[in-house]
Amino acid sequence: MPTIVRHPEPFHQQTAAYPDLDLVPVQQYRTDLGSVKIASAPGYTIEPMHDSYGRRINYMRISLTDACNLRCVYCMPEDMKFRPRRELMSDEELLLLVRVGASLGVNKIRLTGGEPTIRPNVVDLVREIACIPGVDDLAMTTNGILLDKLAQPLADAGLTRVNISLDTLDAEKFHNITRWGHIEDVWRGIEASEAAGLRPIKLNSVVTRNFNDGEDLVEMARLTVDRDWEVRFIEMMPFGEVSDFQQTNVVSFQEMRATVEAEFGPLEEASYDFVDPSRPFRIRGAKGTLGFISSVTEPFCQGCGRVRLTADGKLRLCLLREDEVDLLTPLRAGASFEELRVLMRDGAFHKPWGHGLASGFFAANRAMNQIGG
Ligand code: SAM
Ligand code: SF4
């Protein structure tokens, strides 16, 4: 008999506040999920949260800053204005909200940005988050520029893995797409991450039409032949001010796959857990794997258990939807741990089913760097 997670009033209130949501009664729905583990941890009882579709929400991606040391053309305009420090979560505020999430069953955390490694005290912050009861997986998505120096301290502090963004192996093209970057810095960062044991190494490659959708994509894929890395090709997503560029230049998963197969022959499917947005494949005989993240043309919303915490303390319910719950303002106004817990749990309950790209809806309220990818 599966455990039923009972929630008091807020669900009913929220249901009334969203009359157009087709909600299944919560308790009845949850019995279909199977057994829900309730663990205890010092200071709070972990009570898993779910959305109204029964998806378990256990993964939080946290933007440590909206600022960055690069200006990738598909991410932000060159003259991007960043938020003043006072509008961003302090370390203490961020740690409190992670504790709130952990008390609601968030066990996977990914630190992102902007560029997470430029946040002051990032190593101490990682150490503190890694100690929070309930958090058992702490990863980071980074451009890798500063990993040469930071990989080992971050690993020592409790970081488990890194995803490093790299769109091409061509130094000049890398400089052009990032506007400012030097590829040698990223390579040193990758080597330092491997040496520090931040494995498996995953490289994220956003594919842009007529830029890196041909030979560059093939050379990125070739990296997996001799290395046990995962190279992940990402369909470009439209956001905020640069959405025209993004829409014009998206390359579909099927096109990317065809390009790789034209060089290496048919890809073999690797095992897939239906939770990771990346669909894994393998070049025959290769040590590593290839992943395709097809958010635009073949979305994977049914397995999505993610919420995002923006650097200014908003719980973003879907990368590609504008829905957000402000947690920082109530926190600064003196909300208790329990009140923040209710806000987060009820926000997550109203996570939208999926994005609306197919019907022409683009989230315009933030650029990618302000959400955290
Ligand atoms: N600065 C870090 C980095 O580049 O890895 C972390 C933040 S970045 C916003 C997170 C991921 O989003 C990166 O892998 C980046 O390539 C990807 N990204 C940025 N803009 C994108 C877009 N328009 N569509 C798809 N992915 C994008
Ligand atoms: Fe910076 Fe990452 Fe955006 Fe590039 S993708 S501009 S590295 S935040």
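Right above here is the structure, for reference.
Fair warning: this is a prediction, and the values are worked out from it, not measured in the lab. Throughout this document, residue positions are counted from 1 along each chain, in the order its sequence is written. Working convention: letters from A go to chains and numbers from 1 go to ligands, in the order in which they are written. Side-chain atom pairs in this predicted model are given and counted only at pLDDT of 80 or more, local residue features only at pLDDT of at least 70, and totals for whole chains, interfaces and linings cover all residues.

Further remarks concern the sheet that holds strand 11 (residues 268-269). The sheet built from 12 strands is open, its strands ordered 11-12-13-10-9-8-7-6-5-14-15-16 with mixed pairing. Whereas interior strands pair on both sides, the edge strands pair on one side only; in this sheet they are strand 11 and strand 16 (324-326). At least two bridges found by DSSP between two strands is the condition for calling them paired. Only DSSP runs of H or I reaching four residues or more are called helices, and only runs of E reaching two or more are called strands; each is numbered from the N terminus. Pairing geometry for strand 6 (residues 108-112) and strand 7 (residues 137-142), over 4 bridges, is parallel. The residue bridging Ile109 from the neighbouring strand is Leu138, located in strand 7.

Turning next to helix 12 (residues 337-349). Helix span is expected to be 1.5 Å times the residue number reduced by one. Over its 13 residues, helix 12 extends 18 Å from the first C-alpha to the last, a length consistent with the 18 Å expected when each residue adds 1.5 Å. The burial label depends on the number of other C-beta atoms within 10 Å of a residue's C-beta. Counts of 20 or more mean buried, 12 or fewer mean exposed, and intermediate counts mean partly exposed, with C-beta atoms placed from the backbone. Here helix 12 has its buried residues at Leu340, Met344, Arg345, Gly347, Ala348 and Phe349.

Now for the packing of helix 5 (residues 147-157) against helix 7 (residues 183-195). Axes here mean lines fitted to C-alpha atoms, for a helix over just the part in contact, with angles spanning 0 to 180 degrees between N-to-C directions. Where helix 5 contacts helix 7, the axes come no closer than 8 Å and their chain directions differ by 20°. Looking at the two axes, helix 5 sits roughly parallel to helix 7. Handedness of the helix 5/helix 7 crossing: right-handed. Taking contact as the criterion, the partners of Leu147, Asp148, Ala151 and Gln152 in helix 5 are, on helix 7, Asp185, Arg188, Gly189, Ala192 and Ser193. For this scheme, ten residues count as nonpolar: Ala, Val, Leu, Ile, Met, Phe, Trp, Tyr, Cys and Pro. Four count as charged, namely Asp, Glu, Lys and Arg, and the remainder, Gly too, count as polar. For the contact of helix 5 with helix 7, the per-class residue count stands at 3 nonpolar, 3 polar and 3 charged. What sets the label is the angle itself: under 35 degrees gives roughly parallel, over 145 gives roughly antiparallel, 65 to 115 gives roughly perpendicular, and the rest give oblique. Crossing handedness is read from the near helix: turned anticlockwise from the far helix by less than a right angle, it gives a left-handed crossing, and turned clockwise, a right-handed one. Any residue pair is listed as a contact if its two C-beta atoms, each placed from the backbone, are within 7 Å.

This next bit is on the site of ligand 2. Near, for a residue, is defined by distance from a backbone-placed C-beta atom to a molecule or strand, with 6 Å as the limit that must not be exceeded. Lining the immediate surroundings of ligand 2 are 13 residues, of which Cys68, Leu70, Cys72, Cys75 and Asn143 lie closest. Residue classes in the shell around ligand 2 are distributed as 6 nonpolar, 5 polar and 2 charged.

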